[in-house]
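Residue strings, one per chain:
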Amino acid sequence: MLGTGGHATAVGAALGHPIDGYVGPDQSVTDADLLRRDPSQILLIHGLGFQGERVNLRRVLYERYVAAGFEFVTVRHPMAIVDDRATAYPGSQILIGAILVAGSVIETNSIVNSGAVVDHDSRVGAHSHIGPGAVLCGNVTVGVSTFIGAGAVVLPGVTIGDGSVVGAGAVVTRDVPSAVQVVGVPAIQQGGSR
């Protein structure tokens, strides 16, 4: 498992079986140690969630290890509800109580956190994080490396651009460009109106 914090705990619980080792600053296995090992003998689990200012750390680590030949486990909690017509790409994580409705797509290395809903025909870009209790109504598109905060609601047909952040509890009523932060009800760009 990469990481040892709260997200790692939630992901470990979703797996339902013991983890053989952890990579982190206070662990016996370091990043350098892991990269010296045979990737065909190890399956990795991403234990990092949203890292605030280091928003791309999860993506950087994923890409580093994939380039070195490692494979990441796809995590699906047994108490998540995933329609047979939904798609979760390799390395994605669907946690307890999350709901994926028909036609929804969760791309590589993305998180749909506890109790979040991804409604019909919505797409979550690679390396993104849908926070606990967030709701993506139908036909929503979330860009690459994007964070949707806890309890946020994104209305039908809205697109959230790459690298953007939607604050906790926000209600997004219209498209959000790439690389901005929006907050509030209705959501506006932080530091000014949209």
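Our subject in this report is the structure included herewith. Here the structure is a predicted model, which is why all the values come from computation and not from measurement.

## Let's talk about the nonpolar core
For step 1, the next point in the chain: Ranked by internal contacts, the top residues of the largest apolar core, which has 28 residues, are Ile148 and Val172.
For step 2, the next point in the chain: When sequence neighbours within four positions are dropped, the list of residues in contact with Val172 reads Val153, Val154, Leu155, Val158, Ile160, Val166, Val182 and Ala187.
For step 3, the next point in the chain: Listed in part, the twelve residues of the second largest apolar core include Val29, Leu34, Tyr65 and Phe72.

## Focus on the sheet that holds strand β19 (residues 171–172)
For step 1, the next point in the chain: One open sheet holds the six strands; their spatial order is β4-β7-β10-β13-β16-β19, and the pairing between them is parallel. This sheet does not close on itself; its edge strands, each paired only once, are β4 (81–82) and β19.
For step 2, the next point in the chain: As paired strands, β4 and strand β7 (residues 99–100) are joined by two bridges and run parallel to one another. Residue pairing for β7: Ile81 is matched across the bridge by Ile99.

## What about the pattern of salt bridges?
For step 1, the next point in the chain: In total, this model carries four salt bridges according to the counting rule given.
For step 2, the next point in the chain: Of the charged contacts, one joins Arg59 and Glu63 as a salt bridge, the two residues approaching to 3.1 Å between their closest N and O atoms. Within this pair, Arg59 and its partner Glu63 are both found in helix α3 (residues 57–67), separated by four residues, close to a single helical turn.
For step 3, the next point in the chain: Classification of Arg59 by relative accessible area gives partly exposed; the value is 29%.

## Details of α3
For step 1, the next point in the chain: Arg58, Leu61, Tyr62 and Tyr65 are the residues of α3 that are buried. In a view along the axis of α3, the buried residues occupy a sector of 100 degrees, so they form one face of it.
For step 2, the next point in the chain: Packed against the buried residues of α3 are α1 (6–15), α2 (31–35), β1 (43–44), β2 (71–72), β6 (93–94) and β9 (111–112).
For step 3, the next point in the chain: Following α3 by one or two positions, Gly69 has its phi on the positive side, about 100 degrees.

## Quick look at the layout of surface pockets
For step 1, the next point in the chain: Its boundaries defined by the atoms lining it, the largest pocket holds a volume of some 350 Å³.
For step 2, the next point in the chain: Here the lining of the largest pocket is built from residues that sort into 13 nonpolar, three polar and two charged.

Conventions we followed
- Residues numbered from 1 in each chain as written.
- Predicted model: local features only at pLDDT ≥ 70, side-chain atom pairs only at ≥ 80, totals over all residues.
- Heavy atoms only, no water.
- Core = buried A, V, L, I, M, F, W, Y, C linked by side-chain atoms within 4.5 Å.
- Buried < 20%, exposed > 50% of the residue type's maximum accessible area, 1.4 Å probe, protein only.
- Contact = heavy atoms within 4.5 Å.
- Pairing = 2+ DSSP bridges.
- Helix = DSSP H or I, 4+ residues; strand = E, 2+ residues; numbered from the N terminus.
- Salt bridge = Lys/Arg side-chain N within 4 Å of Asp/Glu carboxyl O.
- Arc of directions from axis to C-beta.
- 1 Å grid on protein atoms, 1.4 Å probe; cavity = no way out; pocket = protein on both sides within 12 Å on 5 of 7 lines; lining within 4 Å.
- Points joined across faces, edges and corners; volume = space filled by probe spheres on them.
- Nonpolar A, V, L, I, M, F, W, Y, C, P; charged D, E, K, R; others polar.

Geometry only, nothing functional implied.
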